[in-house]
Number of protein chains: 2
Amino acid sequence: MDAYLKNIKEWALVAQAVRRFRTADPSVVVGPGDDAAVIRGPKELYGLLTVDMLVESVHFKKGEDLRRVGYKAVAVSVSDIAAMGGEPRFALVSAGLPRKDLARRAQALFAGLGQCARRYGVSVIGGDINRSDRLVIDVFMTGEVKKKNLVLRSGAKDGDTIFVSGPLGGSQRSGRHLFFVPRVKEARFLVKNFKVNAMMDLSDGLGMDLSRLCEASRLGAEIFEDDIPRNPGVKTMAAALGDGEDYELLFTLAPAQARRLSAYSAGRFHFYPIGRMTTAFKGVRICTRGGLLKKLPPPKFRHF
Amino acid sequence: MDAYLKNIKEWALVAQAVRRFRTADPSVVVGPGDDAAVIRGPKELYGLLTVDMLVESVHFKKGEDLRRVGYKAVAVSVSDIAAMGGEPRFALVSAGLPRKDLARRAQALFAGLGQCARRYGVSVIGGDINRSDRLVIDVFMTGEVKKKNLVLRSGAKDGDTIFVSGPLGGSQRSGRHLFFVPRVKEARFLVKNFKVNAMMDLSDGLGMDLSRLCEASRLGAEIFEDDIPRNPGVKTMAAALGDGEDYELLFTLAPAQARRLSAYSAGRFHFYPIGRMTTAFKGVRICTRGGLLKKLPPPKFRHF
């Protein structure tokens, strides 16, 4: 078997092992599988919990500026909380740090981490620091969301317009994956003013993440190649769909809400309608210039 | 400078960088520095948050049974929550997994993890799985504690009797560090029936951890060599004090409460009085057989 495919298959087995954790606890509103777990909270609130690990040589290069790595480690979790319609609150930070040049590297890492935490109103209230050959940083974040504002990836409806919050692709090449702006303001604006049916953040690329949204919502999606916004220098549709680490919002609105958004948001934020949800098929199809439909392969595994 | 000392000094600098995170958020009751962070909760409850990372070749051997590693990864956090007087609730699990033999190793790891989670009533509700050269597993746990039951390490009073919940030393040699029983029942019994002034779990050894409790409570501690319970095969006092990973409870009670505990707990649990808190000096002194006092060096850094 092809080594790559074998590996994908193995990851699928890991995902399976993980899914067995599903719980019967009535306090758990949403378990593994969305941007964050949702638990019952006091009064009109839900609690949100998410975690993101960054590993040296996998998520960032060995010589990378650790300020940026620290910033990103917090920003990815902030993005997850925002994509649920929530506000981030507390973080705990685990780090495995190599001995070499420890103090200087830790200082840079924590400086970046603190900068991002302050910017988004996150209090870092604990953690665990360890020795490790390779640098690894893991940020746990809690958040809260008003019950009426909670948006899952499973809520998309037939006929919904699909939007993204910004241009896609080229994030790693341009370095943007290390200093992106989590779409907290945009998400806040959306859940406050619209009935958002489904939302998630784009971490693995529109192709894979929209497939996940479809799967969670038990619908298909048809997107229009010409409508997908690309970052400067992103020449192919494959790159816009597959590069990943965009950290833009992907969300769906009923058509009437979608029309209202186009009128409402002009000038303040820009949201791009890229297609619509459908019951006609499963998975994601791309409408090309020639009007032809291209099918995307089913999603690979990443989170649980 | 000696490489070891230089490294300790560097870790102290890391600790310093981390302490800068202290927050002004009024929802934070206790930030970094105790077994778990404490946040305001609904009604008569506080929320507890803790995280513990295990790194291959640092916290466990490369060829170790991953069921046990998974079990331990959850158990250390359960122990932290118990040491605050609380009950564990939810966990999120991050893992960095090497590609080699991925599916089998992940299955073993998650089996152990699930076993421990079920045993202590913890719901695993999310996580993040990544590739990594070295296996690393990081468990984030939430818990809750009735306000009146919260016990910090800073609450010890002059004259308090110091207790441990079991014999010490030899945990790594015997393998017990991988399948220890977090003292949840003992902690529950204590906070329900006694006024516990200070409590923490023993992760780095009595010597270092009692020094931390002293520092947090701004007191000294005098412990009696003959009273310190040792595990079978633990021949020296240095091993009992320094081996670490005992995961027993260390706690203090006012003398009258201490006398009541000795009478009350007979037969059910066994708690060992080992000394007393004092204002006469700072740090930890050990009363040897000859009646002489030995001073322990100040604590090293681990958690934040």
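- Within an unreviewed UniProt entry, the label attached to chain A reads Thiamine-monophosphate kinase, and the organism entered is Velamenicoccus archaeovorus.
- Per UniProt, chain A carries the Function (unreviewed entry) text "Catalyzes the ATP-dependent phosphorylation of thiamine-monophosphate (TMP) to form thiamine-pyrophosphate (TPP), the active form of vitamin B1."
- Looking at the Pathway (unreviewed entry) heading of the UniProt record, one finds this comment for chain A: "Cofactor biosynthesis; thiamine diphosphate biosynthesis; thiamine diphosphate from thiamine phosphate: step 1/1."

1. What about the overall build of chain A?
- When helices and strands are tallied, chain A shows eight helices and 13 strands.
- Burial statistics for chain A: of 304 residues in total, 62% are counted as buried.
- Of all intrachain contacts in chain A linking residues separated by at least 6 positions in sequence, the fraction that spans at least 24 positions is 83%.
- A total of about 12700 Å² of accessible surface is found on chain A, and carbon and sulfur atoms cover 51% of it.

2. Here we look at the sheet that holds strand 7 (residues 161–164) of chain B
Residues and elements named next belong to chain B.
- Taken in spatial order, the seven strands line up as 8-10-7-11-9-12-13 in an open sheet, and their pairing is mixed. The strands lining the two open edges of the sheet, one partner per strand, are strand 8 (198–201) and strand 13 (293–295). Each strand of the sheet is rotated relative to its neighbour by a mean of 25 degrees, with strand direction disregarded.
- The pairing of strand 7 with strand 11 (residues 272–278) spans four bridges and is classified as antiparallel. What sits directly across from Ile162, in strand 11, is Gly275.
- Taken strand by strand, helix 5 (residues 184–193) contacts strand 8 and strand 10 (249–253), and its axis lies near 10 degrees from that of strand 10.

3. A few points about unusual backbone geometry
All names here are of chain A.
- Notably, Lys43 is not glycine yet its phi reads approximately 50 degrees, a positive angle.
- Lys43 gets classed as exposed once you look at its relative accessible area, which sits at 75%.
- Positive phi outside glycine occurs at Tyr247, with the angle close to 55 degrees.
- With respect to the secondary-structure elements, Tyr247 resides in the loop between helix 7 (237–242) and strand 10 (249–253).

4. Things to note about the interface of chain A and chain B
- Tallying the contact residues gives 62 residues for chain A and 63 residues for chain B.
- Carbon and sulfur atoms supply 68% of the area buried between chain A and chain B, which totals about 5500 Å² over both sides.
- The tally of links from chain A across to chain B stands at four salt bridges.
- A salt bridge links Asp133 of chain A to Arg134 of chain B; its shortest N-O distance comes to 2.6 Å.
- Linking chain A with chain B are 14 residue pairs in polar contact (both at pLDDT 80 or more), by the criterion used here.
- Breaking the side of chain A that touches chain B down by element, the ones donating at least two residues are helix 1 (3–19), strand 2 (37–40), strand 3 (45–55), strand 4 (87–97), helix 3 (102–119), strand 5 (123–131) and strand 6 (136–146) of chain A.
- When residues in the side of chain A that touches chain B are grouped by element, the largest group, nine residues, is from strand 5 of chain A.
- Looking at the side of chain A that touches chain B residue by residue, the class counts come to 33 nonpolar, 17 polar and twelve charged.

5. Concerning the packing of helix 2 (residues 66–83) of chain A against helix 3 of chain A
Residue and element names in this part refer to chain A.
- Across the interface, helix 2 lies against helix 3 with an axial gap of 7 Å and an inter-helix angle of 40 degrees. One element, helix 2, and the other, helix 3, form an angle in the oblique class. Considering how the two elements wind past one another, helix 2 and helix 3 form a crossing that is right-handed. Facing Leu66, Arg67, Val69, Gly70, Tyr71, Val74 and Ala75 of helix 2, the residues of helix 3 in contact are Arg105, Ala108, Leu109, Ala111, Gly112, Leu113, Gln115, Cys116, Ala117 and Arg119.

6. Concerning the pattern of salt bridges
- Scanning all chains against the criterion turns up 33 salt bridges over all chains.
- One salt bridge connects Arg134 of chain A with Glu56 of chain A, and the closest N-O pair in it is separated by 3.9 Å. Here Arg134 of chain A is found in the loop between strand 5 and strand 6, whereas its partner Glu56 of chain A is found in the loop between strand 3 and helix 2, with 78 residues between them in sequence.
- Overall, the relative accessible area of 2% leaves Glu56 of chain A in the buried class.
- Across the salt bridge formed by Asp35 of chain B and Arg153 of chain B, the nearest N and O atoms sit 3.3 Å from each other. Residue Asp35 of chain B is found in the loop between strand 1 (28–30) and strand 2 (37–40), and its partner Arg153 of chain B is found in the loop between strand 6 (136–146) and strand 7; the two are separated by 118 residues along the sequence. In this structure, Asp35 of chain B and Arg153 of chain B share a single accessibility class: buried.
- Here the salt bridges share partners, and the residues they tie into one network are Glu56, Lys62, Arg105 and Arg134 of chain A together with Asp133 of chain B.

7. Section: the sheet that holds strand 4 of chain A
All names here are of chain A.
- Ordered by their spatial adjacency, six strands build an open sheet running 1-2-3-6-4-5, and the pairing between neighbours is mixed. The open sheet is flanked by strand 1 (28–30) and strand 5, the only strands paired with a single partner. On average, adjacent strands in this sheet sit at an angle of 20 degrees to one another, irrespective of strand direction.
- For strand 2 and strand 3, the ladder comprises four bridges, and the chain directions are antiparallel.

Criteria and cut-off values
Per chain, residues are indexed from 1 in the order of the written sequence. Lettering of chains starts at A and numbering of ligands starts at 1, both following the order in which they are written. The predicted nature of this model means local features are confined to residues of pLDDT at least 70 and side-chain atom pairs, given and counted, to a pLDDT of 80 or more, with totals for whole chains, interfaces and linings taken over all residues. Values reported for side chains reflect all heavy atoms of the structure, with hydrogen atoms and water molecules removed beforehand. UniProt positions are given in the numbering used here, feature names are shortened, and annotations may be inferred rather than shown by experiment. Helix and strand definitions follow DSSP, with helices as H or I runs of at least four residues and strands as E runs of at least two, each counted in order from the N terminus. The buried label goes to any residue with under 20% of its type's maximum accessible area, the exposed label to any with over 50%, and the partly exposed label to all in between, with areas taken from a 1.4 Å probe on protein chains only. The contact criterion used is simple: two residues touch if any of their non-hydrogen atoms lie within 4.5 Å. Computed with the Shrake-Rupley method and a 1.4 Å probe, the accessible areas treat only the protein chains shown as cover for residues. Whether two strands pair comes down to DSSP finding at least two bridges between them. Under this scheme, a helix contributes an axis fitted over its contacting stretch, all axes are lines through C-alpha atoms, and angles between N-to-C directions fall in the 0 to 180 degree range. Accessible area that two parts lose when put together, with a 1.4 Å probe and added across both, is what the buried area reports. Only one rule defines a salt bridge in this text: a Lys or Arg side-chain nitrogen within 4 Å of an Asp or Glu carboxyl oxygen. Pairing of N or O atoms within 3.5 Å defines a polar contact, subject to two protein rules: one partner must be a possible hydrogen donor and the other a possible acceptor, and residues neighboring in sequence count only if both atoms are side-chain atoms. Any residue that is not Ala, Val, Leu, Ile, Met, Phe, Trp, Tyr, Cys, Pro, Asp, Glu, Lys or Arg is counted as polar, Gly included; the first ten are nonpolar and the last four charged. Oblique is the label for any angle not covered by the other classes, which are roughly parallel (under 35 degrees), roughly antiparallel (over 145) and roughly perpendicular (65 to 115). Definitions for this section: a left-handed crossing has its near helix turned counterclockwise from the far helix by less than a right angle. A right-handed crossing has that turn clockwise.

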